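# Structural characterization, general
Listed below, chain by chain, are the residues.
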Amino acid sequence: MNIELDALFHQPGWEPLDDVTFRARVLEAMEAPAWVVDGNYSAVREMVWERADTIVWFDLPYTVVMARTVRRTVRRTVTRQELWNGNKEPWSNLYSFNPQKSIVAWAATRHGVYRRRYAEAEHDPRWAGLRFVHLRSQRETDAFLAEVTITA
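Residues numbered from 1 in each chain as written. Predicted model: local features only at pLDDT ≥ 70, side-chain atom pairs only at ≥ 80, totals over all residues. Heavy atoms only, no water.

## Remarks on the side chain of Arg45
Put simply, the rule is: For helices the rule is a DSSP run of H or I covering at least 4 residues; for strands it is a run of E covering at least 2, with both sets numbered from the N terminus onward. Remark: exposure states derive from per-residue accessible area (1.4 Å probe, protein chains only) relative to the maximum for the residue type, with buried under 20%, exposed over 50%, and partly exposed in between. His is not counted, nor are the chain ends, whereas Lys and Arg count as positive and Asp and Glu as negative. Put simply, a salt bridge is a Lys or Arg side-chain nitrogen that is within 4 Å of an Asp or Glu carboxyl oxygen. Should any heavy atoms of two residues lie within 4.5 Å, those residues are counted as being in contact.
With respect to the helices and strands, the residue Arg45 is situated in helix H3 (residues 42-51). The side chain of Arg45 sits in the buried core without any salt bridge; Glu46 is the nearest counter-charge, 7.0 Å away. Apart from the residues lying within four places of it in its own chain, the contact partners of Arg45 are Asn40, Tyr114 and Arg117.

## With respect to helix H5 (residues 103-122)
Which entries qualify depends on this criterion: Bend is computed residue by residue as the angle between axes fitted to the seven residues ending at the residue and the seven residues starting at it.
Of all the bends found along H5, the most pronounced is centred on Arg110 and spans about 45 degrees. Looking at H5, one finds that the buried residues are Val104, Ala105, Ala107, His111, Tyr114, Tyr118 and Ala121. Contacts from the buried residues of H5 go to H3, strand E5 (54-58), helix H4 (62-79) and strand E6 (131-135).

## Observations concerning the pattern of salt bridges
Taken as a whole, this structure holds four salt bridges when the rule is applied. Arg126 is the salt-bridge partner of Glu50, the closest N and O atoms lying 3.0 Å from each other. Residue Glu50 is found in helix H3, and its partner Arg126 is found in the loop between H5 and E6; the two are separated by 76 residues along the sequence. Residue classification places Arg126 among the partly exposed positions, given a relative accessible area of 43%. Close ionic contact of Arg76 with Glu89 constitutes a salt bridge, the shortest N to O distance being 3.2 Å. One end of the pair, Arg76, is in helix H4; the other, Glu89, is in the loop between H4 and H5, and 13 residues separate them in sequence. Accessibility expressed as a relative area gives 15% for Arg76, which makes it buried. Through salt bridges with shared partners, a single network forms among Glu46, Glu50 and Arg126.

## Things to note about the pairing of E6
Defined as follows: The pairing criterion is simple: DSSP has to find at least two bridges between the two strands.
The element E6 is largely enclosed, with a buried count of four among its five residues. Where E5 lies against E6, five bridges are found, and the strand directions are parallel. For Thr54, the partnering residue across the bridge sits in E6 and is Arg131.

## Focus on the side chain of Thr141
Following the sequence through the fold, Thr141 ends up in helix H6 (residues 138-147). The contact partners of Thr141, leaving out residues within four places of it in the chain, are Phe58, Leu60 and Leu135.

## What about a nonpolar patch on the surface?
Stated precisely, the cut-off is as follows: Like charges within 9 Å and nonpolar side chains (Val, Leu, Ile, Met, Phe, Trp, Tyr) within 5 Å are joined into patches, using only residues over 30% in relative accessible area that form no salt bridge. Method for areas: the Shrake-Rupley scheme with a 1.4 Å probe, in which residue coverage is limited to the protein chains shown.
Together, Val70, Val74, Val78, Trp91, Leu94 and Tyr95 give the surface a local cluster of nonpolar side chains, amounting to about 590 Å² of exposed area. By the element assignment, Trp91 lies in the loop between H4 and H5. The class of Trp91 is partly exposed, set by a relative accessible area of 48%.

Listed below in structure tokens is the structure:
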């Protein structure tokens, strides 16, 4: 089962789900016999990691992340692609410098923060039981995905 955190968190009109309800919905989804959590939210990170066996860290270079974020955001905005719960990328994503209002600004300001956070977690004794897969390039990502097997 794929648990997409954005789909759980972003309610119609981009209203955020409150933390208590968000945690409850993520916990409920993780009751499945096998799951993959797609996303990274501080409100649920610890409870997900406590139940996980592997953390896949896509640590692509800043320029790659930003180019892909801008390209994806422009495409979604122009095509009016529906994302989660009827939401569509707002035009402000293309011009706002406020990370709370623009995924482009958020990606630009959070890349280094998450890089440090994951590097620390990878060496934190609390998470010693987790397998960290640290992917630093598209080539490493492609090789990793080619070896992934899906079991039901």
